[in-house]
Amino acid sequence: MTSYSRRDVLRILQISSHQLQGWERAELIPQQQDYSFQDLGQLRTLRALREEDVPAASIRHSILAMKAVAGMANPLLEACVVRTGTRIAFRHRGAMVDPIRRQLLFDFDRAGESMRTPVVSDAAPLRNPGQGVHERFLAAVQAEEAGDKQRAIALYEAILETDPAYAAACINLGTLHFHLRQYPRAEELYRRATEVDPHYVLAYFDLGNVLDELERLDESIEAYRKAIAFSPRYADAHYNLALAYERKGQPRPALRHWQAYIKIDNRGPWADHARGQIAKLLSRESLAIAWRTDRFVPPAKTTAALRPV
């Protein structure tokens, strides 16, 4: 098998050593001295995403979510990466999915290829689940997208009987119970996912949502804060956390998270609402900015300057 040294990689991809080290620090790629042809393909994808100003943290977050949701070992190689705003989606098996929100997206690039090409949000026909847990998980996802929620619930329950530590099944089953307003069961499943995988960002975010519905605001805030601690550029977590702080009557932390949200996602109705909340909070006397300057202004000399004796 052909291998490439770090120097070869820098020359072929025309990237700097600093850039490669940055990807390694962000845990987008493992640190190594020799690279395979597949590694080069992964690095080319990362280079293209960074050239389009997709943040490294957003790439890492999406990769982790895709691994959890789809069971992939390396989504950058096993699926086609598509940029969607400040995050990325993956095109896989004829569908385009946002793994963070667990939503199928309309694939504009493929919509015009043929008049017979279906809209991606239309679920594919169900197939019989295989013997393996992964096959049953895919069958459950297909049942969920087809609107057969009871079948999806039964499949996810069967998966968890076989493998109680399947965190992605906990999340998807919890979300089904959440939409059925069965909040205690949803909380139980989300908490199990955080116990199985303590760094599962999506589990903390979903847990925050269900705790908010249960009117346990302090616990909800703590869950959102954990999601942000593991993924500082998780825009939706900043948004929900800002709302929670406002409900708690704590405008200063709310303002901080509104501002964080629009730095990450500054377009669309949610960004407009965030800007409106920022303006409203800053208009209050206790939070108003009295004066701002773009240069250093020395303090007034109202007292004698200290001099060494």
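Just so you know, these numbers come straight off a predicted model, no measurement behind them.

Engineer: I keep staring at the overall build of the protein and nothing clicks. Help me out?
Structural biologist: A count of helices and strands for the protein gives 15 helices and six strands. Burial statistics for the protein: of 309 residues in total, 41% are counted as buried. Considering only contacts in the protein between residues 6 or more positions apart, those separated by 24 or more positions represent 45%. For the protein, the exposed area adds up to about 17900 Å²; of that, 51% sits on carbon and sulfur atoms.

Engineer: I'm lost on the environment of Gly174 in this one. Help?
Structural biologist: Looking at the element boundaries, Gly174 is found in helix H9 (residues 167–179). Along the chain, Gly174 and Ala203 lie 29 residues apart, while their C-alpha atoms are 9.6 Å from each other. With sequence-adjacent residues up to four places away left out, Gly174 is seen in contact with Ala186, Leu189 and Tyr190.

Engineer: Looking at this structure, how should I read the packing of aromatic side chains?
Structural biologist: For the coordinates displayed, the defined rule picks out nine aromatic pairs. With a centroid separation of 5.3 Å and 20° between ring planes, the pair formed by Phe137 and Tyr166 is classed as stacked. Of this pair, Phe137 sits in helix H7 (residues 133–145) while Tyr166 sits in the loop between helix H8 (149–162) and H9; the two residues are 29 residues apart in sequence, bridging distant segments of the chain. No difference in accessibility class separates Phe137 from Tyr166, as the two residues are buried. Members of the aromatic cluster, joined through ring pairs, are Tyr239, Trp258, Tyr261 and Trp270.

Engineer: In this structure, what is going on with helix H11 (residues 201–213)? I would like to understand it.
Structural biologist: Since the α-helix turns once every 3.6 residues, residues separated by three or four places project in the same direction. Between its first and last C-alpha, H11 extends 19 Å over 13 residues, near the 18 Å set by a 1.5 Å rise per residue. When you tally the buried positions in H11, you get 11 out of 13 residues, the bulk of the element. For H11, every residue scored as buried is listed here: Val201, Leu202, Ala203, Tyr204, Phe205, Asp206, Leu207, Gly208, Asn209, Val210 and Leu211. After H11 finishes, the residue Glu215 shows a positive phi value of roughly 60°.

Engineer: Got a minute to help me understand helix H15 (residues 269–283) in this structure?
Structural biologist: A rise of 1.5 Å per residue sets the reference length of H15, with its 15 residues, at 21 Å; its end C-alpha atoms lie 21 Å apart and thus fit the reference within 8%. For H15, every residue scored as buried is listed here: Ala271, Ala274, Gln277, Ile278 and Leu281. Along H15, the residues classed as buried sweep out an arc of 120° about the axis, all on the same side. Away from its buried face, by an angle of more than 90 degrees, H15 presents the exposed residues Pro269 and Ser283. Residues of H15 that are buried sit in contact with helix H13 (235–247) and helix H14 (251–264).

Engineer: Whenever I open this one, the side chain of Arg136 confuses me. Can you help?
Structural biologist: Here Arg136 is to be found in helix H7. For the buried residue Arg136, which engages in no salt bridge, the nearest side chain bearing the opposite charge is Glu161, 7.1 Å off. At 3.3 Å, the side chain of Arg136 forms a polar contact with the side chain of Thr162.

Engineer: Help me out: how do you make sense of the confidence of the model for the protein in this one?
Structural biologist: Detailed reading of the predicted coordinates is not advisable wherever pLDDT falls low. Residues with a pLDDT of 70 or more make up 77% of the protein, whose mean pLDDT is 77. Within the protein, helix H6 (residues 108–111) has the poorest average pLDDT of any element, 44, and helix H10 (residues 183–196) the best, 94. Low pLDDT, under 50, characterises residues 106–131; the stretch is placed with 40 contacts to residues that sit more than four places away or in other chains.

Engineer: What exactly am I supposed to notice about the packing of H11 against H13 here?
Structural biologist: In contact at an axis separation of 11 Å, H11 and H13 are set at 30° when each is read in the N-to-C sense. Relative to H13, H11 is oriented roughly parallel. The handedness of the crossing between H11 and H13 is left-handed. Only Asp236, Ala237, Asn240 and Arg247 of H13 make contact with H11, whose side of the interface consists of Phe205, Asn209 and Asp212.

What counts as what
Residues numbered from 1 in each chain as written. Predicted model: local features only at pLDDT ≥ 70, side-chain atom pairs only at ≥ 80, totals over all residues. Heavy atoms only, no water. Helix = DSSP H or I, 4+ residues; strand = E, 2+ residues; numbered from the N terminus. Buried < 20%, exposed > 50% of the residue type's maximum accessible area, 1.4 Å probe, protein only. Contact = heavy atoms within 4.5 Å. Areas by Shrake-Rupley, 256 points an atom, 1.4 Å probe, with all protein chains shown as cover. Phe/Tyr/Trp six-rings, centres within 6.5 Å; stacked < 30°, edge-to-face > 60°. Expected span 1.5 Å × (residues − 1). Arc of directions from axis to C-beta. Lys, Arg positive; Asp, Glu negative; His and termini not counted. Salt bridge = Lys/Arg side-chain N within 4 Å of Asp/Glu carboxyl O. Polar contact = N/O pair within 3.5 Å; in protein donor to acceptor, adjacent residues only side chain to side chain. pLDDT = per-residue confidence, 0-100. Axes fitted to C-alpha atoms, helices over the stretch in contact; angles between N-to-C directions. Parallel < 35°, antiparallel > 145°, perpendicular 65-115°, else oblique. Left-handed = near helix turned anticlockwise from the far one by under 90°.

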